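Analysis of the macromolecular model
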Amino acid sequence: MAAELIRITGLSYRYPGSKKWALQDINLTVAPGELVALMGENGAGKTTLCQCLNGIIPHSRGGRLKGRVMVAGLDTATTLVARLALKVGMVLEDPETQLFTTLVKNEVAFGPENLGRPAGEIRRTITWALEVVGLQGYEERPPAALSGGQKQRLAIAAALAMQPQVLVLDEPTSQLDPVGSSEVLAVIRDLKERYGLTIVIATHDSETAAAFADRVCVLKEGRVLACDSPRVVFRDRELLRQAWVRPPQVAALADYIQARGVDLAGFPINLPEGRRMVTELL
Amino acid sequence: MSLIEYYPGHTFIHRLDPRVKILALLLTTTAIFISENFLVIGVICLTVFTLWLAARLPVRVLGRYFKLLLGLFTFVIIMQGLFLGGPTALVKPVIPAAVPLIGGLGRLSLEGVVFGILLSLRLIVLVALMPLVTMTTPIHLFALGLVRLGLPYRIAYTATTAINLIPTLEKEAAAIIAAQKMRGFTVFERGNFGQKLRAYPTLVVPLIIGAMRKAQLMGVAMDARAFGYSTRRTYVEDIKMTAGDRLVLAGVIGYNLAILVANFVL
């Protein structure tokens, strides 16, 4: 078995009743512990690609799938979604629809209960998962009473409770206010740095991608235009323009300075690097 | 507040094993449908309302629902009176003889009216009975009760999740009406019956489409957490039938047997 956790080869997918391919000939590998950001305008195929990773496509959605998606050694086309759930945790965009129980603790317990884990173990899992996302003490509250950021962190805890090898987050912050958004991003950073979890995140936010991602994959009309380190991707103005991806502000500034003929040693893409650049220039 | 939402409390009814409550609901519902005697229905009525007080449930809410049902009760009583027949006529003819063609028709019988009242009383007891279970049992324990009574957990969970969605749908309907109001559409506030009827699709269509989309996403989220993975699902919070629960169950069975006997004797 190769070192990668996710291997996608020649993946094309068409939704039922649609003539257009939502994904076309995608080839992508993700190594254990890597954080890959999927970027691109609405309709570029980010959500579709995310749903291919845990088998919701094609199992729940139907449609036509070509190529192969292997996650942790399992072929998603032939493995049940419930079985893939052991390997891939999923957090959806809308914090409301993915929480369906009446208490925070039941929400986290739902997955392990489905797996038939013993009650004592589930109780420990609840404590652990809520601690990871900073929601300890909220066990007896109804999810409906939480803020958007808390709901999204609860959704992450519920996914973590399955102890997956990969966490897929589909635009986890797009419906949140800035405070909620930064709460969720702090949790994601923690998961990567402290727990070494493999993470795939679809996002519109290039600042997030520049700060966290090991690689940024840019999608347009179902194709991968580029998949490289954030520095390479955010430096490529032509690529970003083509895919309608806004560069991080620091990268835009660096670009502007370079265009004025100033020679920069490195190409800064996030805030710490930007600060260093400005200090050096001054 | 709806009659199926959980109303937190610590009374003995709240603490009762959900299985006992579900069984009691089934048995008593059957007993109510069998009962045709005013005295028996009256006794059940009294029992149910005593239990409402014992569970400290908000009786006001019940009053509001009865007000809504008043029209239905009137309709049932009049229809039974007109069409059930019986030896004693209360009003005859219903339509005065002076009216051309249909004059002199119709007969309102006492027996029909009495039976209509009995049906209405049954409805009242049924409407009051259900919340004694739904309002005193958290929905996850209700589902667990159903599972422990032998219902497959996929069915139990799908049903209870649907119930859980009702408050969300109510909120959504309110949002749609608010959005319509903001654009000057006030039929739901000021319109007459016909106008309201014609306007309903503008509310119901977006509501149903929204609900279907939500249900689909929820299905995705449930699948992603291994819903249906194992036939031996575990429960972090399990229910245990205590001696007290058994005693109450025996009491409920005895009570319903007594009702059955009373129906034959009286």
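Please read these numbers as outputs of a predicted model, since none were measured by experiment.

1. What to know about the overall build of chain B
- Per the secondary structure count, chain B includes 10 helices and two strands.
- Listing the helices and strands of chain B from first to last along the sequence gives α-α-α-α-β-β-α-α-α-α-α-α.
- The C-alpha atoms of chain B give 24 Å as radius of gyration, which overshoots the globular expectation for 266 residues (18 Å, by more than 25%).
- Across its three principal axes, chain B shows a C-alpha extent of roughly 75 × 60 × 30 Å.
- Across the 266 residues that make up chain B, the buried fraction comes to 22%.
- Considering only contacts within chain B whose residues lie at least 6 apart along the sequence, 77% involve residues at least 24 apart.

2. Observations regarding the overall build of chain A
- In terms of regular secondary structure, chain A is built from 12 helices and 10 strands.
- Here the C-alpha radius of gyration of chain A, 20 Å, is about what a compact globule of 282 residues would show, namely 19 Å.
- With respect to the principal axes defined by its C-alpha atoms, chain A has extents near 65 × 45 × 35 Å.
- Per-residue burial for chain A yields a buried fraction of 51% across its 282 residues.
- Nonlocal contacts in chain A, meaning residues at least 24 apart in sequence, comprise 63% of its contacts between residues at least 6 apart.

3. What about the sheet that holds strand β1 (residues 6-14) of chain A?
All names here are of chain A.
- With antiparallel pairing, the four strands of this open sheet are ordered in space as β2-β1-β4-β5. Both edges of this open sheet fall to β2 (23-30) and β5 (74-75), since each of them pairs with a single strand only.
- In the sheet, β1 pairs with strand β4 (residues 64-71) via seven bridges, with the strands oriented antiparallel. For R7, the partnering residue across the bridge sits in β4 and is M70.
- Against the sheet, helix α1 (residues 46-53) makes contact with β1, β2 and β4, and its axis sits at roughly 125 degrees relative to β1, the strand it touches most.

4. Regarding the sheet that holds strand β6 (residues 88-91) of chain A
Residue and element names in this part refer to chain A.
- Read across the sheet, six strands follow the order β6-β7-β8-β3-β9-β10 without closing on themselves; strand pairing throughout is mixed. The sheet is open, and its two borders are formed by β6 and β10 (223-228), each paired with just one other strand. Taken pair by pair, the neighbouring strands of this sheet meet at an average axis angle of 15 degrees, ignoring direction.
- Where strand β3 (residues 35-39) meets strand β9 (residues 215-220), four bridges bridge the pair, whose relative direction is parallel. What sits directly across from A37, in β9, is V216.

5. Topic: the interface of chain B and chain A
- Each side of the interface is counted separately: chain B has 26 residues, and chain A has 31 residues.
- At the level of secondary structure, the elements contributing two or more residues to the side of chain B that touches chain A comprise α6 (139-148), α7 (153-182) and α9 (193-223) of chain B.
- Counting residues per element, the side of chain B that touches chain A draws most heavily on α9 of chain B, which supplies eight residues.
- A breakdown of the residues in the side of chain B that touches chain A according to their chemical character gives 13 nonpolar, seven polar and six charged.

6. Focus on the packing of helix α11 (residues 249-259) of chain A against helix α12 (residues 271-281) of chain A
All names here are of chain A.
- Close contact between α11 and α12 brings their axes to 9 Å; oriented N to C, the two are set at 30 degrees. When the axis of α11 is compared with that of α12, the two are roughly parallel. For the pair α11 and α12, the sense of crossing is left-handed. Here α11 contributes V250, L253 and A254 to the contact with α12, which in turn contributes L271, E273, G274 and M277.
- Tallied by class, the residues present in the contact of α11 with α12 amount to five nonpolar, one polar and one charged.

7. Remarks on the nonpolar core
- Core analysis: the largest hydrophobic core is formed by 100 residues, its most contacted members being L53, A157 and V200 of chain A.
- Ranked by residue count, the leading element in this core is helix α6 (residues 148-160) of chain A, at seven residues.
- Those residues in contact with L53 of chain A, other than ones at most four positions away along the chain, are I6, V69, V71, V88, V166, V168 and V200 of chain A.
- Formed by 16 residues, the second largest nonpolar core is a distinct cluster that contains I13, I44, V125 and A128 of chain B.

8. Looking at unusual backbone geometry
Residue and element names in this part refer to chain A.
- Of note, the bond from I57 into P58 is cis; its omega dihedral lies within 30 degrees of zero at 5 degrees.
- Positive phi outside glycine occurs at E221, with the angle close to 45 degrees.
- Among the structural elements, E221 can be located in the loop between β9 and β10.

9. As for the environment of R246 of chain A
- By secondary structure assignment, the location of R246 of chain A is in the loop between α10 (237-243) and α11.
- For R246 of chain A and E207 of chain A, which are 39 residues apart along the polypeptide, the C-alpha to C-alpha distance reads 9.4 Å.

10. Quick look at the environment of Y7 of chain B
Residue and element names in this part refer to chain B.
- With respect to the secondary-structure elements, Y7 resides in the segment before α1 (12-15).
- The class for Y7 is partly exposed, based on 17 C-beta atoms found within 10 Å.
- Here the alpha-carbon distance between Y7 and T160, two residues 153 residues apart in the chain, equals 16 Å.
- Setting aside residues no more than four positions away along its own chain, Y7 makes contact with L57, M135 and T136.

11. Let's talk about the confidence of the model for chain B
- Looking at chain B, the pLDDT average stands at 89 and 100% of residues meet or exceed 70.
- Both scores are available for the predicted complex, with the pTM at 0.83 and the ipTM at 0.82.

12. Re the domain arrangement of chain A
Residue and element names in this part refer to chain A.
- Taken domain by domain, chain A comprises domain 1 (6-246) and domain 2 (248-282).
- Its C-alpha centre places domain 1 at a distance of 31 Å from the equivalent point of domain 2.
- The partner domain 2 presents six residues to the nine residues of domain 1 that form the contact.
- Listed by contribution, the elements that provide at least two residues to the side of domain 1 that touches domain 2 are α8 (206-212) and α9 (230-235).
- Class assignment for the residues of the side of domain 1 that touches domain 2 results in four nonpolar, one polar and four charged.

13. Thoughts on the pairing of strand β7 (residues 166-170) of chain A
All names here are of chain A.
- β7 sits mainly inside the fold: five of its five residues count as buried.
- Of the two faces of β7, the one carrying V166, V168 and D170 and the one carrying L167 and L169 are both buried.
- Both β6 and β7 contribute to a ladder of four bridges, which runs parallel. The residue bridging M90 from the neighbouring strand is V168, located in β7.
- In this structure, β7 lies alongside strand β8 (residues 198-202), joined through five bridges in parallel fashion. Paired with L169 across the strands is I201, a residue of β8.
- Once the chain exits β7 it traverses helix α7 (residues 178-193) before rejoining the sheet at β8, and the crossover so formed is right-handed.

Conventions adopted
- Residues numbered from 1 in each chain as written.
- Chains lettered and ligands numbered in written order.
- Predicted model: local features only at pLDDT ≥ 70, side-chain atom pairs only at ≥ 80, totals over all residues.
- Helix = DSSP H or I, 4+ residues; strand = E, 2+ residues; numbered from the N terminus.
- Rg over C-alpha atoms; globule rule 2.2 N^0.38 Å.
- Buried ≥ 20, exposed ≤ 12 C-beta atoms within 10 Å, placed from the backbone.
- Contact = placed C-beta atoms within 7 Å.
- Pairing = 2+ DSSP bridges.
- Axes fitted to C-alpha atoms, helices over the stretch in contact; angles between N-to-C directions.
- Nonpolar A, V, L, I, M, F, W, Y, C, P; charged D, E, K, R; others polar.
- Parallel < 35°, antiparallel > 145°, perpendicular 65-115°, else oblique.
- Left-handed = near helix turned anticlockwise from the far one by under 90°.
- Core = buried A, V, L, I, M, F, W, Y, C linked by C-beta atoms within 7 Å.
- pLDDT = per-residue confidence, 0-100.
- Domains from an automatic or database assignment.
- Right-handed = clockwise from strand over helix to strand, strands pointing away.

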